[in-house]
Amino acid sequence: MLSFTRMLVRTVAVGALALMALTGPAQAKTLRVGITLHPYYSFVANIVGDRAKIIPLIDSDANPHGYAPQPADMIRMMSMDVMVVNGIGHDTWAFEILDAAGMRNKLKLIYANDGVSLIPVAGDPTGEKVVNPHTFISTTAAIQQVYTIARALGELDPENATFFRDNARRYALEIRKLRGEFDAKIQGADLSKFRCASMHSGYDYITQELGLQVSAVIEPRHGVEPTARQLAETIDRIKAANVNVLFAEKYFASKLSDTIRDATGVRMYSISHISSGPYTKEKFIEEMRENLTTIATAIRESAKSGS
Amino acid sequence: MSAMAYEVRPAGGRLEGLAMIAATVALVGALGFYVYWRGEEHSIEPIYDWQVSAFAGLTGPDQAIYNSLYTVKDEIPFIYDDINRFNEPGQKFHWPNLTDFQDWLLPPFYKDTSWEQQGSLNWTLFEPLPEGEMQGSTMYLGTDGKLPSQGSFLLVIGHVHAGFQNTNAMVIWWISKNHMEMPKSGFRDGLILQGWREVVPYSGQQEVKRLFGADAVERAKAQFNGFPPDGTPADGSTDGGSTDGSSTAAVPGDDAATKAKNADVEQLIQDALGQDKGKGK
């Protein structure tokens, strides 16, 4: 009996050791992943689960358009192992902080847009092809970024590379399902009557993915308000193109949109730039779902109005 | 009294003129040398005659279709693994077909309203000979779009083992013709002769190079040496870095000071997250 008890203890001990060997030692240090924009918080949170810590570079309520770097940003940056950046014009302040903190060429950077096929700003009256940095207000371009981030994090943390990749795939499917929901909402609607303009170029990727044409963009450049002459010309273009929907920014309201609505009679709808409010894992999906619902509403109402 | 005009020349006028010329030459020379020494060439990758830029050459629906294909090419290998994972021994491996793509909701193949808006391209799959004796490449042809002046697309998946090329590669081709038949093979030269043009993206990586210099991406990747390489903190300092699970920034000094500073950093992170507002400050 005694020998049986010893055998049992030995078996349990060996089993426990084997289990420890299988699960591996506790990670010595958790990867600390910095992010610059709200969507990247959601992307990274869904990729890494509880196997990394996410550090936003700037406060959640800061406006990323024309952001002025703060000392606290540098301290947060210095606690990061790697930082995910847009890198194509929407977080230029992050590079100012890199320089100010002496972290240029020291902090690892993941350029989320590395593998994204970029598009020009739509509706530019000059015909100039200017890169549109709003790749994160989208589904397809967002998925491409999720894969790029997961791949880069997997290179940094090979032990979790498969975990990150599988999570990225699962999350990509979740994003894609948003398109299915959108499709169900506009079933039977006549899209030929839908003609839109937008306050700024933030929604070009999502409208292009959905097959919707943007006839005019009010802001001549990202974050730059039009002059009186430019505004008058844009109003003329909106009237000439029979635009019936104007997409305005949800978080950064402008009186300009009211002026244009009054001058042209377009219906106005608010779209989220996904760049304000608390950083959460769910934010991107929630706000994109809201955006797609808004666009579906605009399409249905355009079809009904017959204009 | 009549007015008289006098020309007054400075005593060192000639010397001043020479000094000014010498200073100008020196300044221009110094600037020229600096540009030669530190200047960076921001070259845009050339587009050849047999290529077309997705950014500048395609528009509207064709650009959208290309961008979807560009993302899909990363996903097709995953789907290939998934659908062949539980194959019986000896069962032929196969590439995902159009029905598989419907299950995965994969644009531009997935038939939803966006697909209709983008011309309802008719997609077909060409799968070459079975694995092991494969000759040629897997191809997806999208053609017969309903929109005016819409082109056709061809996604070619090359295989190393078929002698197709040196690496497994996926190439997206476009032609301005509305109707095309499935090509006999996916070899580049043959496709070019038929009028197909390889679509090249203007990628985020190219834009980063334009904005931050040709070696920006390489510089960022050079930092990727695995994690954690040697416990070296992110800021590159070598003193005082902690390697335990609670490590934050590398802070020189004793444990108490390190912990206090780390606590401050944690508070800053909580502030940024928009949580615990009002607690720390």
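Residues numbered from 1 in each chain as written. Chains lettered and ligands numbered in written order. Predicted model: local features only at pLDDT ≥ 70, side-chain atom pairs only at ≥ 80, totals over all residues.

A. Region of the structure containing the interface of chain B and chain A. Contact with chain B, which involves 52 residues of that partner, is made by 59 residues of chain A. Listed by contribution, the elements that provide at least two residues to the side of chain B that touches chain A are helix H2 (60-84), helix H4 (113-117), helix H6 (204-212), helix H7 (216-222) and helix H8 (255-273) of chain B. A class-by-class count of the residues in the side of chain B that touches chain A yields 25 nonpolar, 21 polar and six charged. (Contact = placed C-beta atoms within 7 Å. Helix = DSSP H or I, 4+ residues; strand = E, 2+ residues; numbered from the N terminus. Nonpolar A, V, L, I, M, F, W, Y, C, P; charged D, E, K, R; others polar.)

B. Fine view of the sheet that holds strand E4 (residues 152-157) of chain B. Residue and element names in this part refer to chain B. Spatial ordering of the open sheet is given by E1-E6-E5-E4-E3-E2, a layout of six strands whose pairing is mixed. Edge positions in the sheet fall to strand E1 (51-53) and strand E2 (122-126), since each has one partner strand and no second. Across the sheet, the mean angle from the axis of one strand to that of its neighbour is 30 degrees, orientation sign disregarded. As defined by bridge partners, strand E3 (residues 138-143) adjoins E4 across five bridges and the pair is classed as antiparallel. In the strand pairing of E4, Leu-141 is matched with Leu-154. Packing against the sheet, H2 makes contact with E3, E4, strand E5 (170-175) and strand E6 (197-200), and its axis sits at approximately 165 degrees to E5. (Pairing = 2+ DSSP bridges. Axes fitted to C-alpha atoms, helices over the stretch in contact; angles between N-to-C directions.)

C. How the structure looks around the confidence of the model for chain A. Residue and element names in this part refer to chain A. Confidence in the prediction for chain A averages 86 pLDDT; 89% of positions are at 70 or higher. The lowest-confidence element of chain A is helix H1 (residues 2-23), averaging 45 in pLDDT; the highest-confidence one is helix H2 (residues 38-48), averaging 98. Low pLDDT (under 50) marks residues 1-27, which in the prediction has zero contacts with non-local residues, meaning those over four places away or in another chain. (pLDDT = per-residue confidence, 0-100.)

D. Region of the structure containing the environment of Glu233(A). Residue and element names in this part refer to chain A. Tracing the backbone shows Glu-233 in helix H8 (residues 228-240). By the C-beta count within 10 Å, which is 14 here, Glu-233 ends up partly exposed. When the C-alpha atoms of Glu-233 and Ile-299 are compared, they prove to be 25 Å apart, with 66 residues separating the residues in sequence. (Buried ≥ 20, exposed ≤ 12 C-beta atoms within 10 Å, placed from the backbone.)

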